[in-house]
Amino acid sequence: MTQLLITGGAGFIGSHTSLLLLEAGHSLVVIDNYDNSSPEALRRVLELAGPGAADRLVVVEGDIRSAADLDKAFAAAPSGQPIEAVIHFAGLKAVGESVGDPLRYWDVNLSGSRHLLKAMQAHGCRTLVFSSSCTVYGLPETMPIGEGAAIQPINPYGHSKAAVEQMLADLAASEAGWRIARLRYFNPVGAHPSGRIGEDPSGIPNNLLPFVSQVAVGRRTELQVFGGDWPTPDGSGIRDYIHVMDLAEGHRAALDALLAEPPQLLTLNLGSGQGHSVLEVVRAFESASGRTVPYAIVARRDGDAACTVADPHLAAERLGWRTRLSLAEMCRDSWCWQQANPHGYGG
Ligand code: NAD
Ligand code: UD1
């Protein structure tokens, strides 16, 4: 059993990963300020993790920008043991919002991460898994995207993620003993197969899958497909979708590697290596749900790329991890969650 601190553990990816880690027998402290999540997510994580799990989860409502809240979290381990490693999900992730309010993004994403690293130093913890994003590659010229591709983000959200990546590299170079994984996720979607936890975006979803599932369930009338004239086989944009349970497994594998191997700075894409177009996603969702998803092809969205697909080989080689779940399974599980929780955790 390892004693872990999970920042942002009530969020979409954090809740699924927390469940997997509890099931693997670890003991967790979660710190979350519920800026974009609900305490209900962690209640359901405990329900899914089964008897005894409640003794291995402590939740601290707090902000990663507060040294006092972080101290509280570092002292809260249910095992009484020191925190051995941190998985850092807490952050803001809406591209459009980051363009309108960049200071908030620099504050939470960069300053929040700096506070966390200071607290880790103060508490003698030097093992970290960080949520980065394929957004750090911007609009890459070659496909699939390897980890050596240029870092050239095109919006404040991406800049803040790239800056944290750089801060982590500087830190690892400054002091021996750091074990750090920078995980660049591609497009996380899906939900736990039980339908009890899933993605609960507030307001109008920016991302494709939550929008499609809200159309299928009748909360929205029609999907707008952003561009039908991309240089792709059907003219719609192509992305590398990854099931959130595969992503959770990727975190577990990265953590195991960091703890087992000598100190290192590991940088890995977490994606499937498979691209799917918007229209393929619509068809897959229609088959999974048995519902029609009306759509209209509209103008391209600013800042979009035609196609982004990961080269996932390095993660396979370094972690022995690869995705297992298909687009059909992503749509099946999103639909199961959406149907059972048409308004997310709010009812
Ligand atoms: P999410 O918004 O569901 O989860 C983030 C969690 O962090 C939320 O529970 C939120 O309340 C919490 N949080 C935000 N600010 C905080 C603060 N100051 N202090 C404490 N907690 C705070 O997002 P997610 O989809 O689960 O993403 C998790 C991480 O992965 C983020 O860092 C995100 O940038 C990154 N990421 C996400 C995606 C994606 O498409 N979902 C893709 C690539 C990278
Ligand atoms: C978006 C972010 C990216 C972030 C990623 C996280 C932008 C420009 N990029 O990427 O920084 O890392 O989410 O998962 O916001 N689409 C539609 N109609 C919709 C929504 C999306 O056609 O209503 C299309 C998009 O044009 C794209 C695909 O669906 O081709 C996927 O879009 P989305 O889910 O927003 O993800 P990304 O664009 O990859």
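Report on the accompanying structure. Here the residue numbers are simple positions, counted from 1 along each chain's written sequence. In the order they appear in the text, chains get letters beginning with A and ligands get numbers beginning with 1. Restriction of local features to residues with pLDDT of at least 70 applies here, the model being predicted, together with a cutoff of 80 or more for giving and counting side-chain atom pairs; totals for whole chains, interfaces and linings are based on all residues. Hydrogen atoms and water are omitted, and side-chain values are computed over all heavy atoms in the structure.

Considerations on empty space enclosed by the protein
To keep things clear, this is the line we draw: Think of a 1 Å grid over the protein atoms and nothing else: a 1.4 Å probe that fits but is trapped marks a cavity, an open set flanked by protein within 12 Å on at least five of seven lines marks a pocket, and residues with an atom within 4 Å of a point count as lining. Grid points are joined across faces, edges and corners, and a volume is the space filled by probe spheres set on the points. Here a strand is any run of E in DSSP of at least two residues, a helix any run of H or I of at least four, and the numbering for each starts at the N terminus.
Under the criterion given, the structure shown has two cavities of 30 Å³ or more. Considered as a void within the structure, the largest cavity measures approximately 140 Å³ in volume. For the largest cavity, the lining is made up of 15 residues, of which E199, P210, S213, W337 and Q338 are closest to its centre. Breaking the lining of the largest cavity down by element, the ones donating at least two residues are α7 (208-216) and α11 (327-340). With four residues, the single largest contributor to the lining of the largest cavity is α7. There is about 30 Å³ of room inside the second largest cavity. As for the second largest cavity, its lining consists of H88, A90, N109, S113, F130, K161 and V164. Counting only elements with at least two residues in the lining of the second largest cavity, the list comes to α5 (102-122) and α6 (156-174).

A word on helix α2 (residues 39-49)
Quick reminder of the rule: Burial classes follow relative accessibility: with a 1.4 Å probe on protein chains only, a residue under 20% of its type's maximum area counts as buried, one over 50% as exposed, and anything between as partly exposed. Here, two residues are considered to be in contact whenever any of their heavy atoms come within 4.5 Å of each other.
Along α2, the positions that sit buried rather than exposed are E40, A41, L42, R44, V45 and A49. Contact partners of the buried residues in α2: α1 (12-23), β2 (27-32), β3 (57-61) and α11. The first or second residue beyond α2 is G50, which carries a positive phi of 90°.

Things to note about the site of ligand 1
Quick reminder of the rule: Note on terminology: near, applied to a residue and a molecule or strand, indicates that one of the residue's heavy atoms is within 4 Å of it. Residues adjacent in sequence count toward polar contacts only when both atoms are side-chain atoms; beyond that, a polar contact is any pair of N or O atoms within 3.5 Å, and within protein one must be able to donate a hydrogen and the other to accept it. For the area figures, the Shrake-Rupley method with a 1.4 Å probe applies, and any residue is considered shielded solely by the protein chains shown. Residue classes follow a fixed rule: Ala, Val, Leu, Ile, Met, Phe, Trp, Tyr, Cys and Pro count as nonpolar, while Asp, Glu, Lys and Arg count as charged, and any other residue, Gly among them, counts as polar.
Among the 28 residues in the neighbourhood of ligand 1, the closest are listed as I13, D32, N36, S37 and K93. In the model, an oxygen atom of ligand 1 is placed 2.6 Å from a nitrogen or oxygen of the D32 side chain. Relative to its free-state accessible area of 820 Å², ligand 1 is covered by the protein chains to the extent of 96%. Mapped by element, the contributors of at least two residues to the shell around ligand 1 are α1, β5 (127-133) and α6. Its residues placed into classes, the shell around ligand 1 shows twelve nonpolar, ten polar and six charged.

Focus: the pattern of salt bridges
Definition in use: The working definition used for a salt bridge is a side-chain nitrogen of Lys or Arg within 4 Å of a carboxyl oxygen of Asp or Glu.
Going through the model one piece at a time under the given rule, you end up with 16 salt bridges. When the shortest N-O distance is used, the salt bridge between E199 and K93 registers 3.9 Å. Placement of E199 in the loop between β7 (187-189) and α7 and of K93 in the loop between β4 (85-88) and α4 (95-100) is noted, with a sequence separation of 106 residues between them. Relative accessible area serves as the criterion here: at 15%, E199 is assigned to the buried category. Between E165 and R184 there is a salt bridge; the shortest N-O distance is 2.6 Å. Here the residue E165 occupies a position in helix α6, and R184 occupies one in strand β6 (residues 179-185), the gap between them amounting to 19 residues. Taking relative accessible area as the criterion, R184 reaches 3% and is therefore assigned buried.

The values are spatial; any link to function lies outside them.
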